Amino acid sequence: MPSQRMGFAGLLEAVPDALVGVDQGGVIRFVNHHTESLFGYERGALVGAPLETLVPESVRQVHAAHRKGFCSAPRTRPMGTGLKLVGRRADGTQFPVDISLSWADPGDGMLVVAAVRDATDHERAAREQERRLSAVVEFSGEAILSATREAIISSWNPAAQRLYGYCAAEIVGRPVAALMPQGPPDELSALLDKVGAGQVVENYETSAVRKDGTVFPACLTLSPICEADGTVIGSSTIARDVTEQRKTFEAAQLMAAVIEFSGEAIITATLDGTITSWNPAAGRLYGYSSQEIVGTPGSRLCPEDRHHELGEVLTRVGAGQEVEPLQTVGVRKDGKLFAILVTLSSIRDKDDVVLGASAIARDVTEQRRAFEAARSMIESSLDSLVAISPEGQITDANEATVRATGVPRRELIGTPFSEYFTDPQKAERVYQLVFTEGMAVNYALTLRHRDGTLTEVLYNASAYRDAAGKVLGVFAAARDVTRQIQAQKEADHQQARELERLAELEQFQRLTVGRELKMIELKKEIEYLRKSRPAKGGGPGDQR
């Protein structure tokens, strides 16, 4: 028996909490050394003293009643039940405690054992946590309010004031229904019933009303506020104005409808080329349904020798660069190839990070045929035809220009138009004249071939524009007039020779006529002299 008592005493001292054994009359029967340390009493001063010695005087009477109630219906009570319990030390100081209760009946009457733990640090941590939580609520950008089970507002943070327009003094104590239009709707009761049952209501969309009467779309998240034993005593609500989100959603719906019913094939893809969306027009163009193509590589839509183009444009889109419309070749589900024009743009998130690419694809087979026919006509022209940019660079040229300059088309494109003429400054004026006056007619220039051969040309030029009327450049046609000029020179030379001969003839004529006049005068003078001379031998008195 002594060994048993020694074993029990050793067990009491080994327990890290203060242990107090109390009989049914509330008299302390044993304590361990932790009890002495915690409460500041000598063991002898406690054993035999009433339990209420360790309780503040203000609650001793209430405590005695609770103790008697426990003894009448004993049960085990663990620590951490959330009860606000206070102990009293020998020096009169009070401190928070957490107590667990158990009981035993060794045969000589029931004995209640209380394990007491100083809860000062725990309470301090709880207060600190509560302070931090209060600060989070106070400085949160979200409107946070709490209400009682009866839906009376009990707290209100600054963000709620900014959202609804009420300050805390105006709204605390008023019903939650004041924040909803046209009185408390049935939906409010339904929400409170769910919260009262311990449920969390997330992202509930409804209408709310501000102090000035304006109604706005709101999204509410409601959570129950519970006691330690789980009893719901109120609710906490986070409220958000979702006006912009709703506008964004409606705009997205509108955009989705536009894409869905667009006559253009519109496709989206990730930056690695995986197709993420596919509208009906894309299905008509390529022959695939959305179910067949979404989630597969975009490379399925182009022939193998064009796969590199897809990778290159997606790399540029991912780098945030603008991509010019791409003229390429597409492949349909049935394997047929067709000419296609693809316009790509980036898809970005709210932080402007590129997430993928959007493509509008158009079948340009007919346009390509028309272009090729027009190109054939241009190439078959005997006149030199060139397109000139506003900066004076050649952007296109036909085969006649290649023959006239001796420079291949790939070398001509991107070079200054004026460098192929004997008078570059005069050549520059021809396209500048078009930009200022709209056209140039029969503008004479001398074109120099790479081998030094010169060709006389007459340029006719006019501006070409885009659909909006913006001038894109100059289209110029040059006609070789070398033969005509040579023929004209020869004709001029012949005419000059003929005029010179005519002058000679006229001079000869004048000389001839002059001689004839002199001969006539001479004849007249001779005749006159003959008539005026006496007859031979016919003096006075002569007779025949």
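Let us look at the structure shown here. Worth saying up front: this structure is predicted, and the values here are computed from it rather than measured. (Residues numbered from 1 in each chain as written. Predicted model: local features only at pLDDT ≥ 70, side-chain atom pairs only at ≥ 80, totals over all residues. Heavy atoms only, no water.)

### Considerations on empty space enclosed by the protein
So, step 1. One pass over the full model with this rule turns up four cavities of 30 Å³ or more.
So, step 2. As for the largest cavity, its lining consists of 25 residues, of which Gly298, Leu301, Leu310, Val342 and Ala359 are closest to the centre.
So, step 3. Here the lining of the largest cavity is composed, by residue class, of 17 nonpolar, six polar and two charged.
So, step 4. Counted as a void, the second largest cavity has a volume near 170 Å³.
So, step 5. Lining the second largest cavity are 16 residues, with Leu145, Val176, Met180, Leu220 and Thr237 sitting closest to its centre.
So, step 6. For the lining of the second largest cavity, the secondary structure elements donating two or more residues are β6 (143-148), α8 (186-196), β8 (201-209), β9 (215-226) and β10 (232-241). (1 Å grid on protein atoms, 1.4 Å probe; cavity = no way out; pocket = protein on both sides within 12 Å on 5 of 7 lines; lining within 4 Å. Points joined across faces, edges and corners; volume = space filled by probe spheres on them. Nonpolar A, V, L, I, M, F, W, Y, C, P; charged D, E, K, R; others polar. Helix = DSSP H or I, 4+ residues; strand = E, 2+ residues; numbered from the N terminus.)

### Describing the side chain of Asp383
So, step 1. Within the fold, Asp383 resides in the loop between α13 (365-380) and β16 (384-388).
So, step 2. Assessed through its relative accessible area of 16%, Asp383 is described here as buried.
So, step 3. Here Arg479 takes part through its side chain, which lies 2.8 Å from a polar atom of the side chain of Asp383.
So, step 4. Apart from the residues within four sequence positions on either side, Asp383 is in contact with Asn398, Ala400, Ala478 and Arg479. (Buried < 20%, exposed > 50% of the residue type's maximum accessible area, 1.4 Å probe, protein only. Polar contact = N/O pair within 3.5 Å; in protein donor to acceptor, adjacent residues only side chain to side chain. Contact = heavy atoms within 4.5 Å.)

### Quick word on the pattern of salt bridges
For side chains of opposite charge, pairing can occur when their charged atoms come near one another.
So, step 1. Evaluated as defined, the whole model comprises 21 salt bridges.
So, step 2. The partner of Glu142 in a salt bridge is Arg240, and the shortest N-O contact between them spans 3.1 Å. Pair noted here: Glu142 is in the loop between α5 (120-139) and β6 and Arg240 is in strand β10, with a separation of 98 residues, a long-range link.
So, step 3. With relative accessibility at 29%, the residue Glu142 sits in the partly exposed group.
So, step 4. Look at Arg240 and you get partly exposed, because its relative accessible area is 28%.
So, step 5. Residues Arg332 and Asp363 are paired through a salt bridge, measuring 2.9 Å at the closest nitrogen-oxygen approach. Of this pair, Arg332 sits in the loop between β13 (326-331) and β14 (337-348) while Asp363 sits in strand β15 (residues 354-363), placing them 31 residues apart in sequence.
So, step 6. A single network of salt bridges, built from pairs that share partners, joins Glu13, Glu36 and Arg43. (Salt bridge = Lys/Arg side-chain N within 4 Å of Asp/Glu carboxyl O.)

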